[in-house]
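# Structure assessment
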Amino acid sequence: MKLKVSLAALSIAAALQPALAEEKVLNLYSARHYQTDEALYADFTKQTGIKINRIEGKEDELLERIRNEGANSPADVLLTVDASRLAKAREMGLFAPLSSPILEKRIPAHLRTAEWAAFSTRARVIVYNKAKVSAADVQNYSDLANPKLKGKFCSRSGSHPYNLSLLASVIAHDGEARAEELARGMVANFARAPKGGDTDQIKAVAAGECGVAISNSYYVARLMRSNKAADQKVMEQVGIVWPNQATTGTHINVSGGGILKHAPNKAAALKFLEYLASDSAQRYFADGNNEWPVVASVKLANPALDKLGKFKADTLPVNSLAMYQVKAQMIFDRVGFK
Ligand code: FE
């Protein structure tokens with residue numbers, strides 16, 4: 001994907017000249033690469049007659065690209081994952097204000113900001129080895145700092161947006177001192193230095209190299225839905241906990257998007273975001289990555305998500321996650337959570 005973007009950048013830019021309004025096109029910059037999204041875009045074109053030109057790229061590269069294109073950017077909509085990246089796009093001044101009675105009606109207030117909206121949610125869950133760790137000992141994120149888990153905790157990097165957003169939520173709820181205590185305790189409990197992605201942690205937990213880890217829910221669902229015998233074996237070894245059910249609820253993050261400041265097709269862009277909040281689009285959009293819709297009334301038919309069941313989600317505004325990113329990184333740096 002990376003190669004495609006960098007090599008084809010010039011020709012794509014030429015193909016995406018700001019279109020005349022009557023041409024009815026939408027230039028979509030997306031960090032989502034799911035097969036199911038194809039059907040979603042085709043359906044939008046069928047409903048509205050607006051053709052979608054899609055540029056896919058890695059999250060941070062897309063932000064840089066839009067900034068570098070400046071006032072000449074053909075980008076109308078940016079879709080990406082994690083509140084921290086959406087917040088970064090906002091800080092870089094990439095977004096236009098977002099105002100839509102439809103989005104306000106369909107998407108809960110804590111999942112919207114004045115510049116961007118979430119269209120699906122994912123949870124950060126605790127994954128433990130059933131033979132090595134008792135579920136009762138890992139019911140809360142704060143338990144991950146308990147000396148009882150010494151030598152058992154595994155994680156991806158503390159600089160990764162998923163962990164930064166989780167710690168940001170702890171800062172927002174409990175303050176910086178408690179967040180630092182948690183981060184310090186996690187480091188003291190490391191089974192190994194942070195490495196790999198969430199799926200690597202789940203596999204290491206299954207293999208017994210780690211007793212417990214944290215992972216985004218869609219990685220768990222993906223392994224649950226895998227036909228590979230090795231993946232099924234992994235899932236037999238591990239248990240999943242929704243953390244903080246008795247308190248703040250499980251930390252959730254989002255994928256979402258907004259209209260860009262220099263969008264040549266602002267009306268089409270708004271139409272597209274409103275379409276993403278429709279029932280059928282919500283199903284495609286969320287299910288494409290085993291996530292949950294943000295529109296409460298939308299029902300998913302996803303066997304893995306059904307099996308994972310219902311849980312109490314943290315309703316902290318996505319803006320708060322964004323607000324404490326820098327503080328979260330400072331804490332991780334201070335305690336040596338690399
Ligand atoms: Fe991910």
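Residues numbered from 1 in each chain as written. Predicted model: local features only at pLDDT ≥ 70, side-chain atom pairs only at ≥ 80, totals over all residues. Heavy atoms only, no water.

This next bit is on the pairing of strand S1 (residues 25-30). For S1, a buried count of 6 out of 6 residues is recorded, marking the element as mostly surrounded by other parts of the structure. Taking every second residue as pointing to the same face, both faces of S1 are buried, with Val25, Asn27 and Tyr29 on one and Leu26, Leu28 and Ser30 on the other. Crossover S1 to strand S2 (residues 51-56) through helix H2 (residues 36-48) is right-handed. The sheet contact formed by S1 and strand S3 (residues 77-81) spans 3 bridges and is parallel. Looking at S3, one finds that serine 30 is bridged to leucine 79. (Buried < 20%, exposed > 50% of the residue type's maximum accessible area, 1.4 Å probe, protein only. Helix = DSSP H or I, 4+ residues; strand = E, 2+ residues; numbered from the N terminus. Right-handed = clockwise from strand over helix to strand, strands pointing away. Pairing = 2+ DSSP bridges.)

All right, on to the pattern of salt bridges then. Applying the stated rule across the entire model yields 19 salt bridges. Linking arginine 54 and glutamate 38 is a salt bridge whose minimum nitrogen-to-oxygen distance equals 2.7 Å. Residue arginine 54 is located in strand S2, and its partner glutamate 38 is located in helix H2; the two are separated by 16 residues in the primary sequence. For arginine 54, a relative accessible area of 26% gives the class partly exposed. Judged by its relative accessible area of 45%, glutamate 38 falls in the partly exposed class. For arginine 225, the salt bridge goes to aspartate 287, with nearest N and O atoms at 3.9 Å. Taken together, the residues arginine 225 in helix H9 (residues 217-225) and aspartate 287 in helix H12 (residues 279-287) connect sequence positions 62 residues apart. A single salt-bridge network, built from bridges that share partners, covers Arg32, Asp37, Arg122 and Glu291. (Salt bridge = Lys/Arg side-chain N within 4 Å of Asp/Glu carboxyl O.)

The element strand S6 (residues 212-216) is largely enclosed, with a buried count of 5 among its 5 residues. Residues Val212, Ile214 and Asn216 point to one face of S6 and Ala213 and Ser215 to the other, with burial holding for every one of them. Of the strand pairs in this sheet, strand S4 (residues 116-129) and S6 are connected by 5 bridges, and their pairing is antiparallel. In the strand pairing of S6, valine 125 is matched with serine 215. Pairing analysis gives 2 bridges linking strand S5 (residues 153-154) to S6, with the strands arranged parallel. Paired with phenylalanine 153 across the two strands is valine 212, which belongs to S6.

This part covers the domain arrangement of the protein chain. Here the domain parsing of the protein chain yields domain 1 (4-120 + 253-301) and domain 2 (122-250 + 314-335). Counting the surface lost from both domain 1 and domain 2, the interface buries some 1700 Å², and carbon and sulfur atoms represent 55% of this. Broken down residue by residue, the surface that domain 1 buries against domain 2 is led by His110, Asn253 and Asn290, which jointly contribute 35%. Summed over the shared surface of domain 1 and domain 2, the number is 2 salt bridges. A salt bridge links arginine 122 to glutamate 291; the nearest nitrogen and oxygen atoms lie 2.5 Å apart. Between the two partners, domain 1 and domain 2, sit 7 residue pairs in polar contact (both at pLDDT 80 or more). (Domains from an automatic or database assignment. Buried area = accessible area lost by both parts, 1.4 Å probe. Polar contact = N/O pair within 3.5 Å; in protein donor to acceptor, adjacent residues only side chain to side chain.)

It is worth spelling out the coordination of the iron ion at this point. Coordination of the iron ion by the protein comes from Tyr162 (OH), Tyr218 (OH) and Tyr219 (OH), over a distance range of 1.9 to 2.0 Å. The sequence pattern describing where the donors of the iron ion fall on their chain is Y-x55-Y-Y. Taken together, the positions of tyrosine 162 in helix H6 (residues 161-174) and tyrosine 219 in helix H9 put the pair 57 residues apart, joining distant regions of the chain. Residues tyrosine 162 and tyrosine 219 agree in their burial class; the two are buried. (Donors = N, O, S within 2.8 Å, 3.2 Å for Na, K, Ca; no water.)

Quick look at the packing of aromatic side chains now. Throughout the structure, instances matching the rule amount to 12 aromatic pairs. Aromatic pair phenylalanine 44 and phenylalanine 272: ring centres 5.1 Å apart, planes at 80°, arrangement edge-to-face. With phenylalanine 44 in helix H2 and phenylalanine 272 in helix H11 (residues 266-276), the pair connects residues that are 228 residues apart, well separated along the chain. The exposure classification of phenylalanine 44 matches that of phenylalanine 272, with both residues buried. Centroid distance phenylalanine 44 to tyrosine 275: 5.2 Å. Interplanar angle 50°. Geometry classified as tilted. Within this pair, whereas phenylalanine 44 is found in helix H2, its partner tyrosine 275 is found in helix H11, the two being separated by 231 residues in sequence. The exposure class of phenylalanine 44 is buried, given its relative accessible area of 0%. Here tyrosine 275 falls in the buried class, since its relative accessible area comes to 5%. Grouped by ring-pair contacts, the aromatic residues Tyr41, Phe44, Phe272 and Tyr275 constitute a single cluster. Positioned over the ring face of phenylalanine 285 is arginine 32, at 3.6 Å from the centre of the ring. (Phe/Tyr/Trp six-rings, centres within 6.5 Å; stacked < 30°, edge-to-face > 60°. Lys NZ or Arg CZ within 6 Å of the ring centre and 35° of its normal.)

Attention shifts here to the packing of H9 against helix H10 (residues 229-237). Between H9 and H10, the shortest axis-to-axis distance is 8 Å and the interhelical angle comes to 125°. Of the possible angle classes, the one that applies to H9 and H10 is oblique. The chirality of how H9 crosses H10 is left-handed. Counting all contacts with H9, which are made through Val220, Leu223 and Met224, the residues of H10 involved are Asp231, Val234 and Met235. Considered class by class, the residues forming the contact of H9 with H10 number 5 nonpolar, no polar and 1 charged. (Axes fitted to C-alpha atoms, helices over the stretch in contact; angles between N-to-C directions. Parallel < 35°, antiparallel > 145°, perpendicular 65-115°, else oblique. Left-handed = near helix turned anticlockwise from the far one by under 90°. Contact = heavy atoms within 4.5 Å. Nonpolar A, V, L, I, M, F, W, Y, C, P; charged D, E, K, R; others polar.)

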